[in-house]
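Structural overview
This is what each chain is made of:
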Amino acid sequence: MQLSIIIINYNTFTLTCNCIRSIHEKLIGLSYEIVLVDNASVERDPNEFKTLFPDIVLVASDTNTGFTGGNNLGIKHASGEHVLLLNSDTELINNAPKITYDYLIEHPDTGMTTCQLLYPDGRKQYNARRFRTIGWELLEVFPFYKLLPKEKRESLMLHHYFDHEREMDCDWVWGTYMMFPKRIIDQLPNKELSNIFFMYSEDTLWCWEFRQLGYKIHFLPQAKVMHIHKGSSSKEKHLQVRKMGIKNHAAFMHKFYPDWRWYVFAAIYYTKQYAALTATRLLNK
């Protein structure tokens, strides 16, 4: 088996079904399995997935183990040489898994590949990122990067400063779509994806651990996937989710800066993030 595609379902039955159908329609040229982990959903009986898609591997968890726990559970049931972590609120636009798989095979120094993510209306999402270092944060406040040539500027900053139209080595990418050789899991500290975070910022941490092992993280715009984004989060929870993401990312950066520099980073980062939250609240009034 060349590829195991792991999808986590938590009360997103319709979205998950659409995701699975898109895989069946678009993915050719690879032997693959779909490992569906149901994270104790209450919306529908998870066995309904098996009725609709008898070929999937269904793993029904008695408890909600979060994004990290669900993916680790799926990896334990995966038989493929490579693993694709794929959000339930996605649909393949083209044969993205084959494109990202082929790149991994051709570039053994690359440990993870991702794709171009698009909203349903075709707008691009900015899933290729740099770590939010002190330097990065200050460059966003004092944008001297604007003096650089376009390609250099984009490579330096990534995020929404990068047009996501060319291949790029990244520091980290969204957990929406992550493909990697399964053997790397055994090289990680606990032989699984780090479970420090229940959800949010876990993808940053996983990429950091892959990079600590010496692997590159690569973005491929020719591989395209539609991502609804926030498909499993209600609008009411958006503020709570943002606050959790801010807290978790600051905690991750404590790993990046295990000394006094973290306090410098935290002062800049928290000021910027909570100023943005305050501005959002005022605009929404």
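Since the structure is predicted, the reported quantities are computational estimates derived from the model, not experimental observations.

It is worth spelling out the environment of G80 at this point. Its location among the elements puts G80 in the loop between α3 (66-76) and β4 (82-86). Overall, G80 belongs to the buried group, its relative accessible area being 3%. Taking the C-alpha atoms as reference, G80 lies 34 Å from H160; in sequence the two are 80 residues apart. Excluding residues within four positions of it along the chain, G80 makes contact with M1, Q2, L3, S4, E33 and K182.

On the surface, L138, V141, F142, F144 and L147 cluster together into a nonpolar patch covering about 550 Å² of accessible area. You can see F142 is positioned in the loop between α5 (134-141) and α6 (150-157).

Glancing now at the UniProt feature "domain: Glycosyltransferase 2-like" (unreviewed entry) in the protein chain. The sites that carry the UniProt feature "domain: Glycosyltransferase 2-like" (unreviewed entry) are, in the present numbering, residues 4-143. Strand forms 27% of residues 4-143 and helix 36%; the C-alpha atoms that close the span are 42 Å apart.

Of all the 11 residues making up α3, 8 are buried; the element is thus mostly covered by neighbouring parts of the structure. Those residues of α3 not exposed but buried are G66, F67, T68, G70, N71, N72, G74 and I75.

This paragraph deals with the pattern of salt bridges. When the charged atoms of two side chains lie near each other, side chains of opposite charge can form a pair. Counted according to the given criterion, the structure contains 15 salt bridges. Residue R132 is joined to E137 by a salt bridge in which the shortest nitrogen-to-oxygen separation is 2.7 Å. One exposure class covers both R132 and E137, and it is buried. Salt-bridge contacts for D259 lead to R261; the nearest nitrogen and oxygen are separated by 3.0 Å. For R261, a relative accessible area of 32% translates into the label partly exposed. Put simply, R132, E137, E140 and K272 are held in one network by salt bridges that share partners.

Another point: the environment of L147. By secondary structure assignment, the location of L147 is in the loop between α5 and α6. By relative accessible area, L147 is classed as exposed at 74%. Considered as a pair, L147 and E91 are 56 residues apart in the sequence and their alpha carbons are 38 Å apart.

Rules behind the numbers
Residues numbered from 1 in each chain as written. Predicted model: local features only at pLDDT ≥ 70, side-chain atom pairs only at ≥ 80, totals over all residues. Heavy atoms only, no water. Helix = DSSP H or I, 4+ residues; strand = E, 2+ residues; numbered from the N terminus. Buried < 20%, exposed > 50% of the residue type's maximum accessible area, 1.4 Å probe, protein only. Contact = heavy atoms within 4.5 Å. Patch = residues over 30% accessible without salt bridge, like charges linked within 9 Å, V, L, I, M, F, W, Y side chains within 5 Å. Areas by Shrake-Rupley, 256 points an atom, 1.4 Å probe, with all protein chains shown as cover. Salt bridge = Lys/Arg side-chain N within 4 Å of Asp/Glu carboxyl O. UniProt positions renumbered as here; feature names shortened; annotations may be inferred.

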